[in-house]
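Structure assessment
Listed below, chain by chain, are the residues.
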Amino acid sequence: MRRPCIITLLTDFGNQDAYVGIMKGVIAGITPLANIIDISHNIPPQDILSGAYLLATSYKYFPKGTIHVAVVDPSVGSQRDIICVDTRDYLFLVPNNGLLSLIVSEEKTKNIIRVTNSKYFLPSPSNTFHGRDIFAPVAAHLSLGIKPQQLGVRIDQLDQLDIPKPGFNKKGQLEGRIIYIDRFGNLITNIKREHLEQHLLNLVIPHTPPQSSLKKGGLRGTYQGEDKRGLFLHKTIKTTVGRKKIVGLCKTYTDVKTREPLVLFGSAGFLEVSVNQGNAREYFRVDRGNKIMVEMGSY
Amino acid sequence: MRRPCIITLLTDFGNQDAYVGIMKGVIAGITPLANIIDISHNIPPQDILSGAYLLATSYKYFPKGTIHVAVVDPSVGSQRDIICVDTRDYLFLVPNNGLLSLIVSEEKTKNIIRVTNSKYFLPSPSNTFHGRDIFAPVAAHLSLGIKPQQLGVRIDQLDQLDIPKPGFNKKGQLEGRIIYIDRFGNLITNIKREHLEQHLLNLVIPHTPPQSSLKKGGLRGTYQGEDKRGLFLHKTIKTTVGRKKIVGLCKTYTDVKTREPLVLFGSAGFLEVSVNQGNAREYFRVDRGNKIMVEMGSY
Amino acid sequence: MRRPCIITLLTDFGNQDAYVGIMKGVIAGITPLANIIDISHNIPPQDILSGAYLLATSYKYFPKGTIHVAVVDPSVGSQRDIICVDTRDYLFLVPNNGLLSLIVSEEKTKNIIRVTNSKYFLPSPSNTFHGRDIFAPVAAHLSLGIKPQQLGVRIDQLDQLDIPKPGFNKKGQLEGRIIYIDRFGNLITNIKREHLEQHLLNLVIPHTPPQSSLKKGGLRGTYQGEDKRGLFLHKTIKTTVGRKKIVGLCKTYTDVKTREPLVLFGSAGFLEVSVNQGNAREYFRVDRGNKIMVEMGSY
């Protein structure tokens, strides 16, 4: 038997209505053996950035050949394109509105096809539910083996969100932003490990004090960087969230006491501010888009 | 291999508890190859009308032979019947409480069977969880090929909800009601395209002004009806929701500016009041059951 | 074809983020034919007791050979063990933190294996998302037929929650506690049928009045026990919840009028306080952990 193809669904349709079930019905009518896996349907309505974040942090955990369908589509029915993007390992079927913004830097696109061939749509597609009338049947046909090129013509333009990148502010701090807050209230930033390493190299090495002057204890984590010389071993970071500061970098939530805040690199590789068995969003009273500042020093 | 049979589930069991998972476990124990698809489990508790709406707007997007199981069952354990309804293309397994009210007008029933044959139930069924003890195992056995007639005897009576139909009020307006509000806050009414066309014919044709007197611009949409003569081309509708009025009929949400209200025929064929990238329920401060008035005119 | 193995998932990951979808992607990459069934992902964050309750009330409705994976794991990344517990009919893969507390009394464990063999993990597991990096791939490999013993070494210690048991208070009442509140607001207690039967035997038989003195009518249910002699036929129970009392024991919700409270044994076998088509949590203004008192008598 042919290995069943996986189709993932990521939408802002919620779990209250029948919209997701209807898409699955359409898919199953065309390709009964497809294995449909939900990534999430609780993207806040029309929130493309959250969709982009969840897609970018999940797509590569699926087997090669998976068809990723994402429908967060505030401009449904307008002139925005639906595109099928072909990478080495995956197919993405999305509105051309930035949903792939966080993926294109790491996953090389081979082709971008504007989906226009109505042969693969439901008859008489509506103007308001392309998930049902276009995305679902096209994904099903892709899982049956049609080529992206059969869906329409190649285009060059992939729309991207203007997502802020971390940078240095006037005080010499690395300044990032909260780009996603998860169910547990964890504040996930746009700061990746390489930004912090760059920060270390830029900022800290020139000022490294002699080892003997470093304080011991009181630190909840130290940052070791990629440098093997041990120079940073007793250096640590200070993170500013709202008006509060957190010293140190942890490896896991339980490195601090229950209800205490911490900073770590989360499972998706981004710097994350958390509260052990608590909710950092409530603790810090911050929201998506707010700034997070990181600086290095000896404490 | 036999094409796997699809069983859909629509309940008010929510996603918090294990009730839905338990039903799936029971089904999988009897028919491991069944393809179970969730329509929704977040029907408000005991809200038969919402269940009826979601079932009616989704069932036909599933392939022929699908078994639709709906458990919104405020009278579980009482004398209410469980019925298996056989139509040309589908089987429905539901409590006889009105859940099929919006389907019977369009899907001709062949047989209605009162489900009583405990051979297909779990042993010692409880009085409070028929989803687990009756609906799930019966659906599984149906997917294995037993005939509805093996479940019990034919009955004639299909209970139906008393759902208001749109009609004309004293002012000559078409008066409908909000029958469902979706996750996006869209206000879905009981007014279908044919009601509006009927309204057009009754009300507008006699008063059609000469084309030259029609204002241009300022309209966000015009209604063209089925009439090919172009008579209504510059006519449009005015919809009253609460104390507010919306002029025109749109094709899709983005026909108006962001955060502006609009009226269109939604993907299920009902007249729908929306706010582009906003929430019409909050915008208009209305709720299910509230009236919506539509009238035709030149503006 | 080999019967597809079922893997169930029970987590506190919610439906908002991609965490559950990612786990399914990892599983599907290893064992594409596995049938993954969600029990629930909406356990309140870190609420092991709710997880234990839902697992205990659902696991046995799945076919033999099912692999039950539960990830409610406040100590992820710490020294807590991940264990694979082998019973006659099922495999459980859980953190060793009490999630099996309500199961071990009824399901005899054959082996408890501490899962340490990283050959079955994703490469470079994170410290914060063992669901993705350990639980998912290990479950997938188990479904392919590896033995629990291949995952690590046997241990003896199964951590258990300290769950209160019902007992008699000074007034001679059976005193239990609310251990779970479901979506409908039903108050599920730790009182099982056998506790009430024991209570009956201890308390009621000595005081059984002559049948002729029993009042008739006004009772919403009588408790018949296992005793065939009919002695208890006209006895009933009085249940105290907060400051309110409920007389009688019902068989199903509709034994009382709409919006009236009742007591019954729920579908999982626990004494449950409900409101017919209402919400007992709101009606009684109680919460999990609150006491419920039951006494027998003639009324």
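Residues numbered from 1 in each chain as written. Chains lettered and ligands numbered in written order. Predicted model: local features only at pLDDT ≥ 70, side-chain atom pairs only at ≥ 80, totals over all residues. Heavy atoms only, no water.

Now for the overall build of chain A. Looking only at helices and strands, chain A features five helices and 15 strands. The 299 residues of chain A split such that 58% are buried. Nonlocal contacts in chain A, meaning residues at least 24 apart in sequence, comprise 66% of its contacts between residues at least 6 apart. Accessible surface for chain A amounts to roughly 12800 Å². Of this, 47% is attributable to carbon and sulfur atoms. (Helix = DSSP H or I, 4+ residues; strand = E, 2+ residues; numbered from the N terminus. Buried < 20%, exposed > 50% of the residue type's maximum accessible area, 1.4 Å probe, protein only. Contact = heavy atoms within 4.5 Å. Areas by Shrake-Rupley, 256 points an atom, 1.4 Å probe, with all protein chains shown as cover.)

Relative to the helices and strands, B:K24 resides in helix α1 (residues 19-30). By relative accessible area, B:K24 is classed as buried at 9%.

A few words now on the interface of chain C and chain A. Contacts between the two partners involve 35 residues from chain C and, on the opposite side, 33 residues from chain A. Buried area between chain C and chain A, both sides added, is near 2600 Å², and the carbon and sulfur share of it is 57%. In this assembly, chain C and chain A are joined by zero salt bridges. Scanning the region where chain C abuts chain A turns up 14 residue pairs in polar contact (both at pLDDT 80 or more). Top contributing element to the side of chain C that touches chain A by residue count: helix α1 (residues 19-30) of chain C, with eight residues. The residue makeup of the side of chain C that touches chain A, split by class, is 16 nonpolar, 15 polar and four charged. (Buried area = accessible area lost by both parts, 1.4 Å probe. Salt bridge = Lys/Arg side-chain N within 4 Å of Asp/Glu carboxyl O. Polar contact = N/O pair within 3.5 Å; in protein donor to acceptor, adjacent residues only side chain to side chain. Nonpolar A, V, L, I, M, F, W, Y, C, P; charged D, E, K, R; others polar.)

Turning to the relation of the copies chain B and chain A, a few remarks are in order. When chain B is brought onto chain A, the operation consists of a screw motion whose angular component is 120 degrees and whose axial shift is 0.0 Å, with 0.0 Å RMSD remaining. Each copy turns onto its partner about a three-fold axis. Residue B:N15, judged by its C-alpha, is the member of chain B lying nearest the rotation axis, at 5.0 Å. Little of the interface of chain B is mirrored in chain A, where only 12% of its interface residues are also at the interface. (Least-squares fit on C-alpha atoms with pLDDT ≥ 70 in both.)

Once that is clear, we can look at the packing of aromatic side chains. For the structure shown, the criterion picks out 31 aromatic pairs over all chains. For the ring pair B:Y53 and B:Y180, a centre distance of 4.5 Å and an interplane angle of 20 degrees mean the geometry is stacked. Here B:Y180 lies in strand β9 (residues 174-181) and B:Y53 lies in helix α2 (residues 48-58), a separation of 127 residues in the sequence. Given a relative accessible area of 4%, B:Y180 falls into the buried group. One aromatic cluster is present, formed by A:F13, A:Y19, A:F129 and B:F184 through successive ring pairs. A cation sits over an aromatic face here: A:K244 above A:Y283, 4.4 Å from the ring centre. (Phe/Tyr/Trp six-rings, centres within 6.5 Å; stacked < 30°, edge-to-face > 60°. Lys NZ or Arg CZ within 6 Å of the ring centre and 35° of its normal.)

Residue and element names in this part refer to chain A. The strand order β2-β1-β3-β5-β4-β6-β7 describes an open sheet built from seven strands, whose pairing is mixed. Both outer strands of the open sheet, β2 (35-40) and β7 (152-154), are each paired with one neighbouring strand and no more. Taking each pair of neighbouring strands and ignoring which way they run, the sheet shows an average axis angle of 25 degrees. When strand β4 (residues 82-87) meets strand β6 (residues 109-115), the two strands line up antiparallel, connected through five bridges. (Pairing = 2+ DSSP bridges. Axes fitted to C-alpha atoms, helices over the stretch in contact; angles between N-to-C directions.)

Residue and element names in this part refer to chain B. Running from N to C, α1 and helix α3 (residues 130-143) cross one another at 35 degrees; their axes reach a closest spacing of 8 Å. For the pair α1 and α3, the crossing hand works out as right-handed. From α1, I22, M23, V26, I27 and I30 reach across to α3, where they touch G131, R132, F135, A136, P137, A140 and H141. Broken down by class, the residue content of the contact of α1 with α3 amounts to nine nonpolar, two polar and one charged. (Left-handed = near helix turned anticlockwise from the far one by under 90°.)

Another aspect to go through is the interface of chain B and chain A. Interface extent is often summarised as the accessible area lost during association of the parts. Opposite the 33 residues of chain B that make contact, chain A presents 35 residues. With both sides pooled, the region where chain B packs onto chain A buries about 2600 Å², and carbon together with sulfur makes up 57% of that total. For chain B, the biggest contributors to the area lost against chain A are B:Y61, B:R183 and B:F184; these three give 27% of the whole. Where chain B meets chain A, there are zero salt bridges. Our count for the contact surface shared by chain B and chain A stands at 14 residue pairs in polar contact (both at pLDDT 80 or more). Mapped onto the side of chain B that touches chain A, the elements with two or more residues apiece are β2 (35-40), α2 and β9 of chain B.

Take the relation of the copies chain C and chain A next. With an RMSD of 0.0 Å, chain C superimposes on chain A once it is rotated by 120 degrees and translated 0.0 Å along the axis. With a heterologous cut-off of 20% or less, the 11% of interface residues of chain C that recur at the interface of chain A puts this contact in the heterologous class.

Moving on: the sheet that holds strand β4 (residues 82-87) of chain C. Pairing between the strands of a sheet comes from backbone hydrogen bonds, and it takes one of two forms, parallel or antiparallel. Strand order in the open sheet formed by seven strands is β2-β1-β3-β5-β4-β6-β7 (chain C), and the pairing between neighbours is mixed. Each edge of the open sheet is held by one strand with a lone partner, namely β2 (35-40) and β7 (152-154) of chain C. Ignoring which end each strand starts from, the neighbouring axes of this sheet average 25 degrees apart. Where α1(B) meets the sheet, its contacts fall on β1 (6-11) and β2 of chain C, and the angle it forms with β2(C) comes to roughly 150 degrees. Relative to the sheet, α1(C) contacts β1, β2 and β3 (67-71) of chain C, its axis offset from that of β1(C) by approximately 155 degrees.

What follows covers the environment of C:Q198. All names here are of chain C. Within the element layout of this structure, Q198 appears in helix α4 (residues 193-204). Of the residues examined, Q198 reaches a relative accessible area of 42% and is grouped as partly exposed. Once the C-alpha coordinates of Q198 and L174 are considered, the two residues, 24 residues apart in sequence, prove to be 9.8 Å apart.

Moving on: the environment of A:L196. All names here are of chain A. By the element assignment, L196 lies in helix α4 (residues 193-204). The buried category is assigned to L196, whose relative accessible area is 0%. Through-space distance from the C-alpha of L196 to that of M296 is 9.3 Å; in sequence the pair is 100 residues apart.

The full count for this structure, using the stated rule, is 27 salt bridges over all chains. The partner of A:D133 in a salt bridge is A:R132, and the shortest N-O contact between them spans 2.6 Å.

Its location among the elements puts A:H195 in helix α4. In this view, A:H195 contacts A:P166, A:L174 and A:N190; residues no more than four positions away in its chain are not counted.

All names here are of chain C. Burial of strand β15 (residues 291-297) is extensive: six of the seven residues sit out of reach of the surface. Here strand β9 (residues 174-181) runs beside β15; their pairing, made up of four bridges, is antiparallel. Among the inter-strand pairings, R177 is bridged to a residue of β15, identified as K291. As judged from the six bridges shared by strand β11 (residues 236-241) and β15, these two strands associate in the antiparallel manner. Its bridge partner being in β15, I237 is matched across the sheet by M296.

Further remarks concern the confidence of the model for chain A. Overall, the prediction assigns chain A a mean pLDDT of 87, with 86% of residues at 70 or greater. Counted against residues more than four places away or in other chains, residues 203-234 of chain A, with its pLDDT under 50, gives 54 contacts. (pLDDT = per-residue confidence, 0-100.)

What follows concerns the pairing of strand β12 (residues 244-247) of chain A. In the sheet, strand β11 (residues 236-241) of chain A pairs with β12(A) via four bridges, with the strands oriented antiparallel. Following the sheet pairing, A:K238 is matched in β12(A) by A:V247.

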